Amino acid sequence: MNEQKKLGRISDVRFGIGGYQNAMIGLTLQFDLKDTSVGTFDGYWVIERSEHAKWTEDERLLALGKVCMNLSELLSLIGGSSVDDLIDKPVEVTLDGNRLTSWRLLTEVLP
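Residues numbered from 1 in each chain as written. Predicted model: local features only at pLDDT ≥ 70, side-chain atom pairs only at ≥ 80, totals over all residues. Heavy atoms only, no water.

**A look at the overall build of the chain**
Within the chain, the secondary structure is distributed over one helix and five strands. Beginning at the N terminus, the succession of helices and strands in the chain can be written as β-β-β-α-β-β. The principal-axis extent of the C-alpha atoms belonging to the chain is close to 45 × 35 × 20 Å. Within the span of the chain, comprising 111 residues, buried residues form 33% of the whole. Counting contacts in the chain only where the partners sit at least 6 residues apart, residues at least 24 apart contribute 45% of the total. With an accessible surface of roughly 7,200 Å², the chain has 50% of that area assigned to carbon and sulfur atoms. With 12 positive and 17 negative side-chain charges, the chain shows a spacing of 4 Å between the two charge centroids. (Helix = DSSP H or I, 4+ residues; strand = E, 2+ residues; numbered from the N terminus. Buried < 20%, exposed > 50% of the residue type's maximum accessible area, 1.4 Å probe, protein only. Contact = heavy atoms within 4.5 Å. Areas by Shrake-Rupley, 256 points an atom, 1.4 Å probe, with all protein chains shown as cover. Lys, Arg positive; Asp, Glu negative; His and termini not counted. Charge placed at Lys NZ, Arg CZ, Asp CG, Glu CD.)

**What about the pairing of strand 5 (residues 99-105)?**
Pairing between strand 4 (residues 90-96) and strand 5: six bridges, direction antiparallel. Pairing of L95 across the sheet is with L100, part of strand 5. Once strand 4 ends, the chain turns through two residues before running back antiparallel as strand 5, passing G97 with a positive phi of about 70°. (Pairing = 2+ DSSP bridges.)

**Details of helix 1 (residues 57-78)**
If you check helix 1, its first and last C-alpha atoms are 32 Å apart, about what 22 residues at 1.5 Å a residue would give, namely 32 Å. Residue G79 follows helix 1 closely and has a positive phi angle near 70°. (Expected span 1.5 Å × (residues − 1).)

**So, the pattern of salt bridges**
Pairing between side chains of opposite charge can happen when the charged atoms of each approach one another. Taken as a whole, this structure holds seven salt bridges when the rule is applied. Across the pair R99 and D96 runs a salt bridge, and its minimum N-O distance is 3.6 Å. (Salt bridge = Lys/Arg side-chain N within 4 Å of Asp/Glu carboxyl O.)

**Examining the environment of W45**
Along the chain, W45 turns up in strand 3 (residues 37-45). Sequence separation between W45 and L105 is 60 residues; the distance between their C-alpha atoms is 26 Å.

**Quick notes on the packing of aromatic side chains**
Here the distance between the centres and the angle between the planes together describe a pair of aromatic rings. One pass over the structure, following the stated rule, counts three aromatic pairs. Plain terms: the ring middles of Y20 and W45 are 6.0 Å apart, the flat faces sit at 85° to each other, and that makes the pair edge-to-face. Separated by 25 residues along the polypeptide, Y20 in the loop between strand 1 (3-18) and strand 2 (24-32) and W45 in strand 3 bring together distant segments of the chain. Overall, Y20 belongs to the exposed group, its relative accessible area being 52%. Arranged with centres 5.0 Å apart and planes meeting at 45°, the rings of F31 and W103 form a pair that is tilted. Here the residue F31 occupies a position in strand 2, and W103 occupies one in strand 5, the gap between them amounting to 72 residues. Lying over the aromatic face of W55, R49 brings its terminal NZ or CZ to 6.0 Å of the ring centre. (Phe/Tyr/Trp six-rings, centres within 6.5 Å; stacked < 30°, edge-to-face > 60°. Lys NZ or Arg CZ within 6 Å of the ring centre and 35° of its normal.)

Structure below.
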């Protein structure tokens, strides 16, 4: 494991269709880390559920509710009201090689 922390900013954010094969809905974030960039997606399936799916409608509702609550918490931390308000906010990103393992807003430096 080659974990490293990098400082950066949120360079792009959107809420909508994305994730695996654009078959999900949720929050997409892109981080500019000066020498590189990395992104993440927090969402769940939006496609019609088949009888063979391993997830239930109740699990989908719970997962999408968590996505919205996570977004609400982020907006509360920055005093924002829209996903656009997250752009340019400072972050600390943890990478394992080139893979994003976690990130956090640097609330200690927010105005």
